[in-house]
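Observations on chain architecture
Spelled out from the first residue to the last, the chains are:
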Amino acid sequence: MSVIKRCEKYMLSYAVAWPAAIAVGSMITMTNAYLDLDVASTLFYITLVLMSSNFLPPPAFLSVAVSNVVILSNGLITDGGYLDYKLIAGLVCSLIGLLIIILLVWRNKKATSLWRRKEALFLAAQKLSHTGSVGIIIGHEISLSWSEESSRIFEYPSDVTPTLDLVRARTYPDDLSIIDSVLEQAISRQGLIEVEHRLVMPDGRVKHVQMVASPMLKDGGHIEYFGALMDVTASRQSEEALFHSQAKLAHMTRLTSMGELAASIAHEINQPLAALITSGECCKRWINRPEPDLEEAGKSVDRIIQNSVRISDVITCIRALSRQSELQRTVELFEAIVSDSLALMQHDISYHEVRSHCHLGAPSVFISGDRIQLQQVIINLIINACQAMAGVHDRARILRIHTSVNDSEVVLEVADSGSGISKDILPSLFDPFFTTKPTGLGIGLSICRSIIEFHGGRIWVNSKVGRGTQFMVALPLAPLKEN
Ligand code: ADP
């Protein structure tokens, strides 16, 4: 029970205090008459001081106390008692007694008001933090006590005496076993008890509460647990909301990566598909001639087959990706991958009126990797190079493809004499969806980088605006035993 409530209880008992005071006063008068002593007035003033301390504020109490001292002394002066040595000694004794009592009462009053202040602050802190205090007394029976805030958490009127039945009535049915376990722990005098459980209010609202209690040994071998009960509903709700947002975000991320995958499929398939259409049209033209050129038609059919195989390979690769299976790593002749990619891009290169200078300086060099993925990288670099040179009219459009061996790496250079890249956008070049093209997707280079990194290699760029761009790829050589 709080101090404030205790004080309220005392105020109610004033009705009893007054008759008691009258009874005490009568006893004093009777004692006075019977023993022929003049202590009645002193005892009366002491009673008055004690009573006024209960309900008067400090300044009023002080004035009552001072008045009592003055009246007590005045009696002696007006009755000429100062002439009697015995009366003076009696007065001094009475005054000392009264003053000591006033001093003690004053100190007690100050301590009480300080305590009330602390109690008020403590209650306010409990209310603000939604934390109440609880007590579990383990004796012959188990009894409970709780603070106002605890009763508010349980949503019981503050004057209701807490019982286990009341607690159980508000406990979420599935969590009743937690209450039983708390009692078991308390009975077996365990150290710190820490639990979290749910409450259910009469209107169906669910609250989450946390309780921490530690034991204190009381007189008679009883043990009492003192603890804090905290309403953590708000934090549990925000955790739940956070969990939902995270799930939503994960869903969105999945959708985004699916979109990214779909875009890369489009990117990778579009090119061979376009080559397929062109080769088909060429083949038709060679056959439809007055004198069909079967040799050229045959070459077109070869290109159709090559491109169809590539599309099928890309799709196999995507299937493998979607099954999250390991990509196929095989030992490949690096220059074969480069020349195959170049052959596939021949049509695009001539369409952009680009001259290609190919210098393959790493013959018989093997790498361990996924042929299709590495072709994707080279094709993407060639497409970008051709596009970068589309606006070049004042100089030759040159695509330089060089390979070389450097220590334990094979290095590929894909360079163009195109527009070049300005310094400020160079750092973002490999970021997904970074593009400067009106219809660009901006994922080609980011895919290139992840493929190269997957193969344990590096990709980087050197460029000067108006002078062209040089993409460099370095891949580790396959271990010798595999060669
Ligand atoms: P996209 O080609 O769809 O824009 P990429 O990831 O392949 O996506 O390229 C990203 C950007 O990098 C391009 O938009 C372009 O600005 C720049 N870029 C790539 N290669 C070159 C190059 N050879 N010359 C100039 N800019 C290039």
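None of the values given here were measured: they were computed from a predicted structure.

Counting its secondary structure elements, the chain contains 13 helices and 12 strands. For the chain, buried positions account for 36% of its 483 residues. By sequence separation, contacts in the chain at least 24 residues apart represent 61% of the contacts at least 6 residues apart. Total accessible area computed for the chain in this model is approximately 28,600 Å², and 61% of it derives from carbon and sulfur atoms.

This next bit is on the site of the ligand. Taken together, the neighbourhood of the ligand is formed by 20 residues, with Thr-435, Thr-436, Lys-437, Gly-442 and Leu-445 sitting nearest. Separating an oxygen atom of the ligand from a side-chain N or O atom of Asn-384 is a distance of 2.9 Å. For the ligand, an oxygen atom lies 2.5 Å from a polar atom in the side chain of Thr-435. Here the ligand has 540 Å² of accessible area as a free molecule, and 95% of this is covered by the chains. Within the residue set of the shell around the ligand, elements represented by two or more residues are α12 (371-388), α13 (444-454) and β12 (468-476). Broken down by element, the shell around the ligand gets its largest block of residues, four residues, from α12. Across the shell around the ligand, the residue classes break down as nine nonpolar, nine polar and two charged.

Right, let's talk about the confidence of the model for the chain for a bit. Of the residues in the chain, 82% reach a pLDDT of 70 or more, and the chain-wide mean stands at 81. Per-element mean pLDDT across the chain ranges from 45 in helix α1 (residues 3-12) up to 97 in strand β10 (residues 409-416). For the stretch residues 1-15, pLDDT sits under 50, and the model shows 12 contacts to residues farther than four places along the chain or on other chains.

Strand order in the open sheet made by the five strands is β2-β1-β5-β4-β3, with antiparallel pairing throughout. With partners counted over all chains shown, the strands left at the sheet margins are β2 (142-146) and β3 (193-200), one partner each. With strand direction ignored, the average angle separating the axes of adjacent strands in the sheet is 25°. Here strand β1 (residues 131-138) pairs with β2 via five bridges, running antiparallel. The partner of Ile-138 across the bridge, within β2, is Ile-142. The sheet strands contacting helix α5 (residues 85-129) are β1 and β5 (223-231), and the helix crosses β1 at an angle near 105°. Each of β1, β2, β3, β4 (206-217) and β5 touches helix α8 (residues 176-187); the most contacted strand, β3, lies at about 150° to it.

As a further point, take unusual backbone geometry. Although it is not a glycine, Arg-189 adopts a positive phi angle of roughly 55°. Secondary-structure assignment places Arg-189 in the loop between α8 and β3. Although it is not a glycine, Asp-407 adopts a positive phi angle of roughly 50°. Assignment of secondary structure puts Asp-407 in the loop between β9 (398-406) and β10. Given a relative accessible area of 72%, Asp-407 falls into the exposed group.

Next up on the list: the packing of helix α11 (residues 334-351) against α12. The contact between α11 and α12 brings their axes to 9 Å, and the two run at 40°. Classified by the angle their axes make, α11 and α12 are oblique. Note on packing geometry: the crossing formed by α11 with α12 is right-handed. Along the contact surface, α11 presents Ala-336, Ile-337, Val-338, Asp-340, Ser-341, Leu-342, Leu-344, Met-345 and Ile-349, while α12 presents Arg-371, Leu-374, Gln-375, Ile-378, Ile-379, Ile-382, Ile-383 and Cys-386. Within the contact of α11 with α12, the residues separate by chemical class into 13 nonpolar, two polar and two charged.

About the thresholds
- Residues numbered from 1 in each chain as written.
- Predicted model: local features only at pLDDT ≥ 70, side-chain atom pairs only at ≥ 80, totals over all residues.
- Heavy atoms only, no water.
- Helix = DSSP H or I, 4+ residues; strand = E, 2+ residues; numbered from the N terminus.
- Buried < 20%, exposed > 50% of the residue type's maximum accessible area, 1.4 Å probe, protein only.
- Contact = heavy atoms within 4.5 Å.
- Areas by Shrake-Rupley, 256 points an atom, 1.4 Å probe, with all protein chains shown as cover.
- Near = heavy atom within 4 Å.
- Polar contact = N/O pair within 3.5 Å; in protein donor to acceptor, adjacent residues only side chain to side chain.
- Nonpolar A, V, L, I, M, F, W, Y, C, P; charged D, E, K, R; others polar.
- pLDDT = per-residue confidence, 0-100.
- Pairing = 2+ DSSP bridges.
- Axes fitted to C-alpha atoms, helices over the stretch in contact; angles between N-to-C directions.
- Parallel < 35°, antiparallel > 145°, perpendicular 65-115°, else oblique.
- Left-handed = near helix turned anticlockwise from the far one by under 90°.

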